[in-house]
Amino acid sequence: MAYTAGGQPVLILKEDTQRSRDREARRGNITVAMIVAEALKSALGPRGMDKMLVDSLGDITITNDGYTILDEMELEHPIGKMIKEAAKTQEDMVGDGCTTATILTGELLKKAHDLLDEDIHPTIIISGYRKALTRALDVLGDIGIDVDLVDRETLRNVAQTSMSSKAIGTTAAKHFAEIAIDAVMQVAEKRGEEDYVDKDNIQIVKKEGRSLGETELIRGIVLDKEVVHQGMPKRLENSRIALVNAPLEVEKTEFDAEIRIRDPTHIRAFLDQEARLLEKKVERVKESGATALFCQKGIDDVAQSMLAKAGILAIRRVKESDVENLSKATGAEIISSFDDMDAEDLGWAGLVEERKIGDDKMVFVEDCKTPTAVCVLIRAGLERMMEEAERAMDDAISVVADVYRTPKVVAGGGAAEAELARQLRSYAVKIGGREQLAVEAFSDALDVVPKTLVENAGHDILDTMVALRAAHEEEDGHYMGVEVHTGDIVDMREKGVLDPVKVKEQAVKTATELASMVLRIDDIIAATKPKEEGAPPPGMGEEEEEEF
Ligand code: ADP
Ligand code: MG
């Protein structure tokens, strides 16, 4: 890329750099965002269709979970990658609403495109959108319905609403909702005035089973491991727990050592010596008073039988994350050498037990000293169902946790978006000037949520949208939304279709920020061509040269 300064061409970028600027760059980017959003639209809501995603290795995922779809789509274009990152933020912050956020981003950009055509500067659009966002967050606070956290019915509705778009069926969704609520309640802790939920304390483990109905909540930790030796106890009550991240094996020398034994009696002596070393370690375990040993590394066969003889339950090669969770739950210190083992390092659990789950054995550590860690054991017949079930459970846990953190919900089925749109329309008039147009565009963009829900359910879009708007003009019309099964406009509170305020807040925030970010870009400088052959993606046209 060459510039000229004083008649001399100055090369400031590599020769094959691609560059596109201003209108071209912006429009290209907007188009990409709109295409990605369009692709997700048919997945929104309970009547959303599934996508079959085939990755480069041929593995198949079937889902209509927005985040999973974006994550599996191998998006090459930088804007596609930005959308994916934004969806990840949405997922990390609130665990739901990714499809909504992406569709809204696409719509905000589509409306911005029209404004650009009317020669409205991107800066004006961005500041108008920002004002609209601030107002939208206020309105969400206003229309949010306060939730009493002991009101299980509301939590159940929120959980079920989040799972209504997952292909697990209503019976399983009901069962999952109860588990999600119990799990969150168990791990919730007070931090100052707030109820804090650390989702990392809720482990999700999957194991093949007969049906989703077998899915259960374990108040403790589950290890996908079995007790190492037949002769060991399989069930221990009141267990003192040792966590070690060193091997219970004879240490191998760092270098290759060759031991020449000429006399057969020496073999015996050598093996005896090894056994003595192991015995010393096992002796330390016994002396500490431990009854269960969780070892992050291997346990030698000889040591296994010594432990068994001592009546100690042992598990080897436990995952590091599991060892850490065990430490948190049982209060045991993780020690790095058997020589250091001491009674003070031990933790405690009411029950350690190996159980047969499906065709496998798993070890359950329950009734722990600090019962703040739980595990949801998901059971499903089909591998594919298991994955979808995990996503459903994850959504349910997320939304219940969201309500715990901010105890407010809004009506779903497009009710909250329709109300936001209505209130923003009257707010726009107060803004005036060109920014008013941007605020109006923002408000129109919000309609995409109810519209898409209606479209996916196969109802008449125009009629339903007119009815929805009219309903919101009525007194106390805040909660009117689209009942997707009938296409009627009803009070969503009565239908129990409720979304956490936190999810909606994050979705409008994510969408506004992402749309603004895309609008702010007026120059794309790509170091290498995105594709060797074929047409460049939109907005990455031929190199332009400029002269000063
Ligand atoms: P997201 O990834 O944005 O969470 P979903 O596919 O989970 O997308 O759909 C969420 C939307 O579906 C929310 O707006 C929610 O209110 C709506 N929804 C859920 N259940 C119903 C229902 N029974 N009737 C109407 N809308 C519903
Ligand atoms: Mg959802």
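Chains are numbered independently. Their residues run from 1 in the order of the written sequence. The naming scheme follows written order: chains are lettered A onward, ligands numbered 1 onward. Owing to the predicted nature of the model, reporting of local features is limited to residues with pLDDT of at least 70; listing and counting of side-chain atom pairs is limited to 80 or more, with chain, interface and lining totals taken over all residues. Note that the side-chain values use all heavy atoms of the structure and ignore hydrogens as well as water.

Attention now goes to the site of ligand 1. One heavy atom within 4 Å of a molecule or strand makes the whole residue count as near it. Around ligand 1 sit 21 residues in total, of which Asp 96, Thr 99, Thr 100, Gly 413 and Asp 499 are the nearest. N or O atoms closer than or at 3.5 Å make up a polar contact, with two conditions inside protein: a donor-capable atom paired with an acceptor-capable one, and, for residues adjacent in sequence, both atoms drawn from side chains. At a separation of 2.5 Å, an oxygen atom of ligand 1 approaches a polar side-chain atom of Thr 100. A distance of 2.9 Å is found between a nitrogen atom of ligand 1 and a side-chain nitrogen or oxygen belonging to Ser 164. Computed by Shrake-Rupley with a 1.4 Å probe, the accessible areas treat only the displayed protein chains as cover when residues are assessed. Relative to its free-state accessible area of 570 Å², ligand 1 is covered by the protein chains to the extent of 93%. The element that contributes the greatest number of residues to the shell around ligand 1 is helix 4 (residues 98-117), accounting for 3 residues. Split by residue class, the shell around ligand 1 holds 9 nonpolar, 9 polar and 3 charged. Here a helix means four or more residues in a row that DSSP labels H or I, a strand means two or more in a row labelled E, and each is numbered from the N terminus. Think of it as three bins: nonpolar holds Ala, Val, Leu, Ile, Met, Phe, Trp, Tyr, Cys and Pro, charged holds Asp, Glu, Lys and Arg, and polar takes everything else, Gly as well.

Okay, a negative patch on the surface next. Residues Asp 339, Asp 340, Asp 342 and Glu 344 make up a contiguous surface patch of negative charge. In this structure, Asp 342 sits in the loop between strand 15 (334-335) and strand 16 (347-357). Accessibility expressed as a relative area gives 36% for Asp 342, which makes it partly exposed. Each patch is built from residues that are more than 30% exposed by relative accessible area and take part in no salt bridge. Like charges join if they lie within 9 Å; nonpolar side chains (Val, Leu, Ile, Met, Phe, Trp, Tyr) join within 5 Å. The rule for a salt bridge is simple: a side-chain nitrogen of Lys or Arg has to be within 4 Å of a carboxyl oxygen of Asp or Glu. We treat Lys and Arg as the positive residues and Asp and Glu as the negative residues; His and chain ends play no part in the count. Taken as the charge location is NZ of Lys, CZ of Arg, CG of Asp or CD of Glu. Type-normalised accessible area, obtained with a 1.4 Å probe on protein chains alone, sets the label of each residue: buried when under 20%, exposed when over 50%, and partly exposed for intermediate values.

Glancing now at the pairing of strand 12 (residues 235-244). Pairing between strand 12 and strand 16: 6 bridges, direction antiparallel. What sits directly across from Leu 236, in strand 16, is Val 352. At least two DSSP bridges between two strands are required for those strands to pair. Across 4 bridges, strand 12 lies against strand 13 (residues 292-295) in parallel orientation. Across the sheet, Val 244 pairs through a bridge with Cys 295, a residue of strand 13. With 2 bridges joining them, strand 12 and strand 15 adopt parallel strand pairing. Following the sheet pairing, Leu 243 is matched in strand 15 by Ile 334.

Looking now at the packing of helix 13 (residues 433-446) against helix 14 (residues 448-457). When two helices pack together, their arrangement is given by the angle between their axes and by how far apart the axes lie. At a minimum axis distance of 5 Å, the contact between helix 13 and helix 14 shows a crossing angle of 25 degrees. The orientation of helix 13 with respect to helix 14, classified from their angle, is roughly parallel. Contact residues: helix 13 offers Asp 444, Ala 445 and Leu 446, while helix 14 offers Val 448, Val 449 and Pro 450. Residue classes in the contact of helix 13 with helix 14 are distributed as 5 nonpolar, no polar and 1 charged. Note on geometry: axes are lines fitted to C-alpha atoms, helical ones only across the stretch in contact, with angles between N-to-C directions running from 0 to 180 degrees. Oblique is the label for every angle not falling under 35 degrees (roughly parallel), over 145 degrees (roughly antiparallel), or within 65 to 115 degrees (roughly perpendicular). Should any heavy atoms of two residues lie within 4.5 Å, those residues are counted as being in contact.

Here the focus is the confidence of the model for the chain. Confidence along the chain averages 88 in pLDDT terms, with 90% of residues attaining 70 or more. A score between 0 and 100, pLDDT records how confident the predictor is in each residue. Below pLDDT 50 for its whole length, residues 539-548 participates in 31 contacts with residues either more than four positions away or in separate chains.

What follows concerns the packing of aromatic side chains. Each aromatic pair joins two rings of Phe, Tyr and Trp (for Trp, the six-membered one) with centres within 6.5 Å, and gets the label stacked for planes under 30 degrees apart, edge-to-face for over 60, and tilted for any other angle. Tallied over the full model, the rule gives 1 aromatic pair. Look at Tyr 129 and Phe 442: their rings are 5.7 Å apart centre to centre, the planes differ by 75 degrees, and that puts the pair in the edge-to-face class. You can see Tyr 129 sitting in helix 5 (residues 122-143) and its partner Phe 442 sitting in helix 13, a full 313 residues away along the chain. The exposure classification of Tyr 129 matches that of Phe 442, with both residues buried. Arg 191 extends its terminal NZ or CZ atom over the ring of Tyr 196, reaching a point 3.9 Å from the ring centre. Distance and angle both matter: a charge sits over a ring if NZ of Lys or CZ of Arg is within 6 Å of the ring centre and within 35 degrees of the ring normal.

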